[in-house]
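# Fold and contact review
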Amino acid sequence: MQFMLLFSRQGKLRLQKWYVPLSDQEKKKITRELVPTVLARKPKMCSFLEWGDLMIVYKRYASLYFCCAFEDQDNEFITLEIIHHYVELLDKYFGSVCELDIIFNFEKAYFILDEFLLGGEVQETSKKNVLKAIEQADLLQEKTESIVLSNISF
């Protein structure tokens, strides 16, 4: 996988993860061109499209589009499954994930993605293991915050 983008129906970018080295200008150019292309497609159209030398797979869940790009020799259906797996992880963590969860807890959405994908490849297939790692990180963060707060004197 080369990159994953999450964006709203209005075209607002909510999350972006790049697995290939690109300049900020190239990333912005890709985003400016790709988001309107996906948004212009009708709901009954195929979720796969050729875009330059890349294959794009996207899926809409509620008000968010999940969009992945990969080289044309990779399997489109596996990429679609990766998107669905990530949405299921977000759903389990947030409890029926919505766009506001991504906006206000973007660091958690990135952390879940990083536990699931590494370098654009699936790192962990078990949802239980990914969610367990996230719970452990949450506990560690809570402990750290409580220690910091207890050391602050008013």
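Predicted, not measured: the structure shown is a model, and the values here were computed from it. (Residues numbered from 1 in each chain as written. Predicted model: local features only at pLDDT ≥ 70, side-chain atom pairs only at ≥ 80, totals over all residues. Heavy atoms only, no water.)

### Let's talk about the sheet that holds strand β4 (residues 54-61)
Spatially, 5 strands are ordered β2-β1-β5-β4-β3 in an open sheet, and the strand pairing comes out antiparallel. On the outer flanks of this sheet lie β2 (13-18) and β3 (48-51), each paired with one strand and no other. Each adjacent strand pair in this sheet contributes to an overall mean axis angle of 20 degrees, direction not counted. Relative to strand β5 (residues 64-71), β4 is paired through 8 bridges, and the arrangement is antiparallel. (Pairing = 2+ DSSP bridges. Helix = DSSP H or I, 4+ residues; strand = E, 2+ residues; numbered from the N terminus. Axes fitted to C-alpha atoms, helices over the stretch in contact; angles between N-to-C directions.)

### Side note on a nonpolar patch on the surface
There is a patch of nonpolar side chains on the surface, built from Leu 100, Ile 103 and Phe 104 and spanning about 310 Å² of accessible area. Here Ile 103 lies in helix α3 (residues 99-104). (Patch = residues over 30% accessible without salt bridge, like charges linked within 9 Å, V, L, I, M, F, W, Y side chains within 5 Å. Areas by Shrake-Rupley, 256 points an atom, 1.4 Å probe, with all protein chains shown as cover. Salt bridge = Lys/Arg side-chain N within 4 Å of Asp/Glu carboxyl O.)

### Here we look at the pairing of β3
Bridge analysis of β3 against β4 gives 4 bridges, and the strand direction is antiparallel. If you follow Leu 49 over to β4, its bridge partner there is Ile 56. Counted along the chain from β3 to the antiparallel partner β4, the turn is 2 residues long, and its residue Gly 52 has a positive phi close to 65 degrees.

### Details of the UniProt feature "domain: AP complex mu/sigma subunit" (unreviewed entry) in the chain
Within the UniProt annotation, "domain: AP complex mu/sigma subunit" (unreviewed entry) is assigned to residues 1-140. Regarding residues 1-140, the helix share stands at 47% and the strand share at 26%, and the terminal C-alpha atoms are separated by 31 Å. (UniProt positions renumbered as here; feature names shortened; annotations may be inferred.)

### A short note on the packing of aromatic side chains
The full count for this structure, using the stated rule, is 7 aromatic pairs. For the pair Phe 3 and Trp 18, a centre-to-centre distance of 4.6 Å together with 40 degrees between the ring planes defines the contact as tilted. Taken as a pair, Phe 3 in strand β1 (residues 3-8) and Trp 18 in strand β2 lie far apart in primary sequence, 15 residues in all. Taking the relative accessible area as the measure of exposure, Phe 3 reaches 1% and is therefore buried. When the ring of Phe 66 is compared with that of Tyr 86, the centres are 6.2 Å apart and the planes differ by 75 degrees; the resulting orientation is edge-to-face. (Phe/Tyr/Trp six-rings, centres within 6.5 Å; stacked < 30°, edge-to-face > 60°. Buried < 20%, exposed > 50% of the residue type's maximum accessible area, 1.4 Å probe, protein only.)

### Considerations on helix α1 (residues 24-39)
Compared with the 22 Å implied by 1.5 Å per residue over 16 residues, the 22 Å span of α1 between its first and last C-alpha is a close match. All of the buried residues along α1 are Ile 30, Thr 31, Leu 34, Val 35 and Val 38. Angular distribution of buried residues about the axis of α1 spans 115 degrees; they occupy a single face of the element. Seen from the buried face of α1, the exposed residues on the opposite side, beyond 90 degrees, are Gln 25, Lys 28 and Arg 32. Along its buried surface, α1 packs onto β1, β2, β3, β4 and β5. (Expected span 1.5 Å × (residues − 1). Arc of directions from axis to C-beta. Contact = heavy atoms within 4.5 Å.)

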